[in-house]
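# Observations on chain architecture
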Protein chains: 2
Amino acid sequence: MTDLSFAKRGSKTAIETGREFSPKFDGDGLIVAVVTDYETNEVLMVGYMNAEALKRTIETGEAWYWSRSRKSFWKKGETSGQVQKVREILTDCDQDALVVKVRVEGNGATCHVGYRSCFYRAVDLSSETSVALNATNVPKVYEPEDVYGKS
Amino acid sequence: MTDLSFAKRGSKTAIETGREFSPKFDGDGLIVAVVTDYETNEVLMVGYMNAEALKRTIETGEAWYWSRSRKSFWKKGETSGQVQKVREILTDCDQDALVVKVRVEGNGATCHVGYRSCFYRAVDLSSETSVALNATNVPKVYEPEDVYGKS
């Protein structure tokens with residue numbers, strides 16, 4: 001689809017300090033993408049891209065993923081309007097993870113449950129046996145059935 | 001090692017809106033952990049935890065990981081002093097990813113290359129063929145050989 005290409009994996013030094021982008025895809029051909037709000041750095045979601053989704057993301061400036069459950073490409077926001085406009089993509093020392101800094105369009109939420117971020121619950125660190133979760137007290141942005149219909 | 005336990009995976013509703021922590025480990029028994037600075041939200045690294053590493057992290061308040069390359073437990077900072085004091089752990093809607101908010105001890109860096117964050121390079125979004133990386137112009141915190149010795 002695109003003319004973009006990634007470099008082959010080189011030496012440790014080249015990967016860690018070089019200027020060639022040689023993302024490491026795992027056994028399923030995927031790389032993890034941590035999506036953050038470009039203004040606040042808040043983590044909004046974690047998704048997975050294959051090489052083609054990553055190329056589409058770079059080329060179009062809007063985030064594409066590979067859905068592991070549906071086994072298909074997935075443009076975030078296609079149904080919900082919560083399109084992710086990409087401001088910056090960072091990679092880490094060994095180039096096996098991405099941080100995708102975005103501005104979210106539509107109602108500004110990312111999570112299909114209705115929150116701005118998918119990370120709306122915190123682990124209760126004082127748990128002694130069964131580990132519990134606590135709400136982080138962030139309000140919902142929307143009611144999912146208003147966007148997706150009743151399930 | 002610990003008395004902590006995680007709940008079995010329940011219904012979609014229970015997983016998405018319940019108070020039981022039932023992390024989803026992948027085929028290798030791992031869950032992805034996005035580590036962020038608890039004050040700035042900056043993404044510092046991405047690591048992987050198995051159930052035991054996650055329990056140790058909750059119990060000790062210091063972050064433990066499973067090293068996929070070395071196939072062993074790994075307490076961040078054991079060699080470098082860059083111990084991660086855990087302030088908060090968030091999980092996402094389907095409980096298959098974690099955000100671990102930390103305060104970094106020692107010299108305050110996280111990356112073995114010498115930077116505060118492992119994400120010190122940005123993808124050149126204007127690339128038309130071979131995709132390039134640009135430095136993000138953050139200074140190094142330390143020279144790795146001062147901590148780890150010459151390799």
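Residues numbered from 1 in each chain as written. Chains lettered and ligands numbered in written order. Predicted model: local features only at pLDDT ≥ 70, side-chain atom pairs only at ≥ 80, totals over all residues. Heavy atoms only, no water.

Check the secondary structure of chain A and you find 3 helices and 8 strands. If you list the helices and strands of chain A from N to C, you get α-β-β-α-β-β-β-β-β-β-α. By its C-alpha atoms, chain A is 45 × 40 × 30 Å across when sized along the principal axes. Counting over 151 residues, chain A shows a buried share of 52%. The long-range share in chain A, meaning contacts at least 24 apart out of those at least 6 apart in sequence, stands at 45%. (Helix = DSSP H or I, 4+ residues; strand = E, 2+ residues; numbered from the N terminus. Buried < 20%, exposed > 50% of the residue type's maximum accessible area, 1.4 Å probe, protein only. Contact = heavy atoms within 4.5 Å.)

Note that the two copies of the chain are related through a rotation about an axis and a translation along the same axis. Mapping chain B onto chain A calls for a screw motion: a turn of 180 degrees about the axis and a shift of 0.0 Å along it, with 0.0 Å RMSD after fitting. These values place the two chain copies in the arrangement generated by a two-fold rotation axis. Of the C-alpha atoms belonging to chain B, the one lying closest to the rotation axis is found on Asn41(B), 2.7 Å away. An overlap of 100% is found between the interface residues of chain B and their copies at the interface of chain A, pointing to a shared contact surface. (Least-squares fit on C-alpha atoms with pLDDT ≥ 70 in both.)

Residue and element names in this part refer to chain A. Summed over all chains, the structure comprises 10 aromatic pairs over all chains. Members of the aromatic cluster, each reached through a chain of ring pairs, are Phe-6, Phe-21 and Phe-25. Over the ring of Trp-64 we find Arg-56, and its NZ or CZ is 4.6 Å from the ring centre. Above the plane of the ring of Phe-73 lies Arg-56, whose end atom (NZ or CZ) is 4.1 Å from the centre. (Phe/Tyr/Trp six-rings, centres within 6.5 Å; stacked < 30°, edge-to-face > 60°. Lys NZ or Arg CZ within 6 Å of the ring centre and 35° of its normal.)

Turning next to the interface of chain B and chain A. Of the residues lining the interface, 56 residues belong to chain B; the matching set on chain A comes to 56 residues. Counting the surface lost from both chain B and chain A, the interface buries some 4,400 Å², and carbon and sulfur atoms represent 59% of this. Taken together, the links from chain B to chain A amount to 2 salt bridges. Arg68(A) is paired through a salt bridge with Asp96(B); the nearest N and O atoms lie 3.1 Å apart. Taken together, chain B and chain A are joined by 32 residue pairs in polar contact (both at pLDDT 80 or more). (Buried area = accessible area lost by both parts, 1.4 Å probe. Salt bridge = Lys/Arg side-chain N within 4 Å of Asp/Glu carboxyl O. Polar contact = N/O pair within 3.5 Å; in protein donor to acceptor, adjacent residues only side chain to side chain.)

Mapped onto the present numbering, the UniProt feature "binding site: Zn(2+)" (unreviewed entry) falls at Cys93(A), Cys111(A) and Cys118(A). Across 26 residues, the annotated set is spatially dispersed, with a maximum C-alpha separation of 28.7 Å. Mapped onto the elements of the fold, Cys93(A) is located in the loop between strand E5 (84–91) and strand E6 (97–104). Residues in contact with Cys93(A), not counting those within four places in the same chain, are Ile15(A), Glu16(A), Cys111(B), His112(B), Val113(B), Cys118(B), Tyr120(B) and Arg121(B). By the secondary structure assignment, Cys118(A) is in the loop between E6 and strand E7 (121–123). Overall, Cys118(A) belongs to the buried group, its relative accessible area being 8%. If we skip the residues at most four places from it in the chain, Cys118(A) touches Leu44(A), Met45(A), Thr110(A), Cys111(A), Thr91(B), Asp92(B) and Cys93(B). (UniProt positions renumbered as here; feature names shortened; annotations may be inferred.)

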